[in-house]
Amino acid sequence: MRDLHRLVQEYHQSGDVFVGGIASQSFDFNQAKFNEYPQPASIGELILVPKNYQHILALVFAVKEINENPQILPNVSLGFQIYDSHFTAKQTYHATMHLVSSQKTLVPNFKCGLQKNLLAIIGGLDSQTSLDVATILGMYKIPQLIYGSDTVTDTNQDLSLYQMSPNEDIQHAGILYLLLYFKWTWIGVLVMDNDNGERILQSLLPEFSKHGICFAFTGYCPRGNFLHEVPNMMEQGRKLYNLIMGSKAEVFVLFGQSYSINDLMWLPYMSDIENVEWKTKGKVWILTAQMEFTSYAYQTTWDADDIHGILAFAVHSSDLPGFQKFVERRNPTNAKKDGFIQIFWHHAFKCKLSDEVQGWEEGEEEEICTGQEKLESLPASFFEKRMTGHSYSIYNSVYAVAHAAQAMLSLKTKHRKVITGEHVNFPGQDQWQLHHFLRDVEFNNSAGDKLSFNKDGELVAGLDVMNWISFPNHTFYRERVGRMDPQAPPEEMFTIHEEVIQWPRWFHQTQPVSECSNSCHPGYFKQVKEGKLFCCYDCFPCPEGKISDKKDMSECSKCTDEKFPSKNQDFCIPKHITFLSYKETLGLILAFFALSFSLITAVMLGTFIKHHNTPIVKANNRSLSYTLLLSLLLCFLSALLFIGQPEKRSCVLRQPAFGIVFSVAISCILAKTITVVLAFMATRPGSRMRKWVGKRLANSIVLSCSLVQGGICAAWLATSPPFPDVDMHTLTEEVILQCNEGSVTLFYCVLGYMGFLAIVSFTVAFLARQLPDTFNEAKFITFSMLVFCSVWLTFVPTYMSTKGKSMVAVEIFSILTSSGGLLILIFCPKCYVIWLRPELNNRKGLTLGRSPNT
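Predicted model, so just to flag it, every value in this text is computed and none were measured.

Visitor: Which parts of the structure should I look at to understand the overall build of the protein?
Guide: Check the secondary structure of the protein and you find 21 helices and 31 strands. Burial status across the protein gives 52% buried among its 854 residues. Sequence-distant contacts in the protein: of pairs separated by 6 or more residues, those separated by 24 or more amount to 71%.

Visitor: Hey, could you run me through the packing of helix α4 (residues 168-181) against helix α5 (residues 195-210) in this one?
Guide: Between two packed helices, both the angle of their axes relative to each other and the distance between the axes serve to describe the pair. Where α4 contacts α5, the axes come no closer than 11 Å and their chain directions differ by 45 degrees. Between α4 and α5, the angle is such that the two are oblique. The interaxial crossing formed by α4 with α5 has right-handed handedness. Here Glu168, His172, Ile175, Leu176 and Leu179 of α4 lie close against α5, whose contacting residues are Arg199, Leu204 and Phe208. Its residues placed into classes, the contact of α4 with α5 shows five nonpolar, one polar and two charged.

Visitor: What exactly am I supposed to notice about the environment of histidine 55 here?
Guide: Within the fold, histidine 55 resides in helix α1 (residues 53-68). Residues histidine 55 and glutamine 25, spaced 30 residues apart in sequence, show a C-alpha to C-alpha distance of 8.5 Å. With sequence-adjacent residues up to four places away left out, histidine 55 is seen in contact with Leu125, Tyr147, Glu292, Thr388, His390, Ser391 and Ile394.

Visitor: Would you take a moment to explain the packing of aromatic side chains for this structure?
Guide: For any two aromatic rings, the description comes down to two numbers: the centre-to-centre distance and the angle of the planes. Tallying each qualifying case throughout the model produces 40 aromatic pairs. Measuring from centroid to centroid gives 5.4 Å for phenylalanine 61 and phenylalanine 323, while their planes differ by 75 degrees, and the two rings are edge-to-face. Taken together, the residues span a long stretch of sequence, with phenylalanine 61 in helix α1 and phenylalanine 323 in helix α9 (residues 323-328) at a distance of 262 residues. Since its relative accessible area comes to 2%, phenylalanine 323 is described here as buried.

Visitor: Is there a simple way to think about the sheet that holds strand β21 (residues 476-484) in this case?
Guide: Neighbouring strands of a sheet are bound in pairs by backbone hydrogen bonds; such pairs are parallel or else antiparallel. Pairing within the open sheet is mixed, and its eight strands lie in the order β10-β9-β11-β12-β13-β20-β21-β22. Only two strands of the sheet have a single neighbouring strand rather than two, namely β10 (214-221) and β22 (494-496). Pairs of neighbouring strands in the sheet enclose a mean axial angle of 30 degrees, with direction left out of account. Strand direction decides the pairing type here: strand β9 (residues 186-192) and strand β11 (residues 251-255), joined by five bridges, are parallel. Counted as the bridge partner of isoleucine 187 is valine 251 from β11. In the packing of α4 onto the sheet, the strands contacted are β9, β11, β12 (284-287), β13 (311-315), β20 (463-470), β21 and β22, and the crossing angle to β22 comes to about 50 degrees. Its contacts with the sheet place α5 against β9, β10 and β11, and it is angled at close to 170 degrees to β10.

Visitor: Looking at this structure, I do not really get the packing of helix α17 (residues 695-719) against helix α18 (residues 744-767). What am I missing?
Guide: Running from N to C, α17 and α18 point in directions that differ by 170 degrees, and their axes come no closer than 10 Å. Judged on the interaxial angle alone, α18 and α17 are roughly antiparallel. Counted together, Ser704, Cys705, Val708, Gln709, Ile712, Cys713, Ala715, Trp716 and Thr719 of α17 and Leu746, Phe747, Cys749, Val750, Tyr753, Met754 and Leu757 of α18 form the full contact between these two elements. For the contact of α17 with α18, the class distribution of residues is 13 nonpolar, three polar and no charged.

Visitor: What should I look at first to understand the pairing of β10 in this one?
Guide: Where a strand is regular, its side chains alternate between the two sheet faces. Looking at chain direction, β9 and β10 are connected through seven bridges and run parallel. The partner of valine 191 across the bridge, within β10, is tyrosine 220.

Each value, and the rule that gives it
- Residues numbered from 1 in each chain as written.
- Predicted model: local features only at pLDDT ≥ 70, side-chain atom pairs only at ≥ 80, totals over all residues.
- Heavy atoms only, no water.
- Helix = DSSP H or I, 4+ residues; strand = E, 2+ residues; numbered from the N terminus.
- Buried < 20%, exposed > 50% of the residue type's maximum accessible area, 1.4 Å probe, protein only.
- Contact = heavy atoms within 4.5 Å.
- Axes fitted to C-alpha atoms, helices over the stretch in contact; angles between N-to-C directions.
- Parallel < 35°, antiparallel > 145°, perpendicular 65-115°, else oblique.
- Left-handed = near helix turned anticlockwise from the far one by under 90°.
- Nonpolar A, V, L, I, M, F, W, Y, C, P; charged D, E, K, R; others polar.
- Phe/Tyr/Trp six-rings, centres within 6.5 Å; stacked < 30°, edge-to-face > 60°.
- Pairing = 2+ DSSP bridges.

So, in structure tokens, the structure goes:
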């Protein structure tokens, strides 16, 4: 069997056991040829990603620490073998086969020569590289620890994978939290043009839509695997550029690979080709944890302003003690076996390590490196000395394998199966046993972070939200501005410190807004535009009586019964509790008049009692006058029951009391009128009416008419009595404390019966108005009943049209005016005679009317 060509880039350190590494430091864009034996790409043909060299150093640093630590794998030396995948399936398969085969001859499934004690393989960086590695390792059951954050999905194979990043659902939730926190509801989404990108579009986007996120567009990142595909990639990039530039969205979410930032940096140069001003500086990019700020070697001098202000998720990492110094001391002198440093050093310092270096393009003349070059002098845009997220995952991967191997070794030592001489023998087919220990591994690394896997082989950890900050001198810094911690309580799961975020300079440090439509302010509701996505809407004022107290409300809502909408309909105001009170002017005025009329009535009653034997008092039934005055006094006082906060006692008493005392008063007036008529008729010779004239008839009329009203009120109180009530709906801004009349029918029956008595009294008095002056009280009754009926006929429509305490005021006013009309028109003339014209208070004066001297 003929072995394949030697791998160009590799790094080997021997040990009793070792871990394999599949790195991704450079690209090989050469197309495979099937008509000749494949040859490796020369170093000069590779396109370097300088920052990825740190991944190799992280693995070397971890192995170095473990070998120096007597607590981990004591008496066992740990080695490594690292190859470059060149981001191609061909090279990945080749490197993986070298790792699982003997050191000199590549013969799969056979033990030839010295068998390697391979514990596990760490790699790769991107999903396709990792899947290519897993295709081979799945047959050997060799553990594979993926240090990239891109999820590997292939359910058709039994893969032995461990993901050194959290479950991707945590990252998706973090992106959603971030979008909702800043209210970015109109965004663009870019994915890779592969199965993983399609999976994201089909599963993730509907979930975002459920939470109110709309997509201005979804696009695919242009990518070419070979040189002849570059023109097509550029054309795709120009189309993508037009999409971005034509979109109203200010925020873009990029689900890319580790190299997607490299491609993104090409887009401004495409604008130069199109001769159009590039405006991506005015966009906010949200990146997944798979992406870090990397660039090709030829891009390191490009303007990095386009990546300023990026918000990127990253696997939680911490600064490791000693790592930065380890990196800064790195040089070709102390890394003789490092096959990756040659191309890195060449691009970093623009020099060759020696004149004997092969593989560079002809005609390329550069100085020989002096050996005095320092990594610490390189700008962060080219190479970072601080550990990146992917390097941190590699570091933890090595430690996870070492802890699992130690646990397995300890178990075997107890059973005395593996100690042979001075060396520990890990049989070549025992790698599958390491899975059991890897699943249960749990430890704290040198930075103090706890590491363990869940049941699906995914790292139990959170994500950091990093803000990328670039400076004109090509320096670069990542600031931690947030955290997505699935182990935290729900309210603390996502945290963001927006005050420290550096936004793209285009926004002048103001928070960007990314919406299809301007937000609808409180007091308005949104209505989706016809034929548009639900994020594109028009704003309309809330209907009368409704409010919206937040932005972008889909519908307005009513206030509770105790509140009413503000003028702008953006919040609810507590209603004022209102009732006719003694503390307000109207209540005081009405109470004053009620008491004043009561006092006047009492004075008149006292006057009549004092002059009870005078003709003017005795005329037309003295007892009826007393009863009428007393009922009028109670009418005036009953008005006071309507003032003040309604209570059960006052509600039960006020309408029945008003109805009964008014019925007594009108009954007395009716009796007086009938008495006048009968008295006139009784004066005719031979009249039979003489026997009806007297107190008995008058008392019967008063008693019978009053009992009917009393019966109606008794039925009212027995069946549906009035009660205190709260009216929250009649007036918009007031809660009315009132007395509910209970049975409205019986209430109007009381008023109707009272009106009936008044009409009968008015009719009888009107017919008796032409009687001789001796009996002129009928005239006064006519006028008084005319006033009374006018007041109460006006009361009904006025009462029905008013609301709140005005209704109570109208009823009190009607009581006072009607009662006052009766009092003034019936009794004032008599009191005038008693007080001011006593000479007329005799039989002769009553018969003749006014004296000639008047």
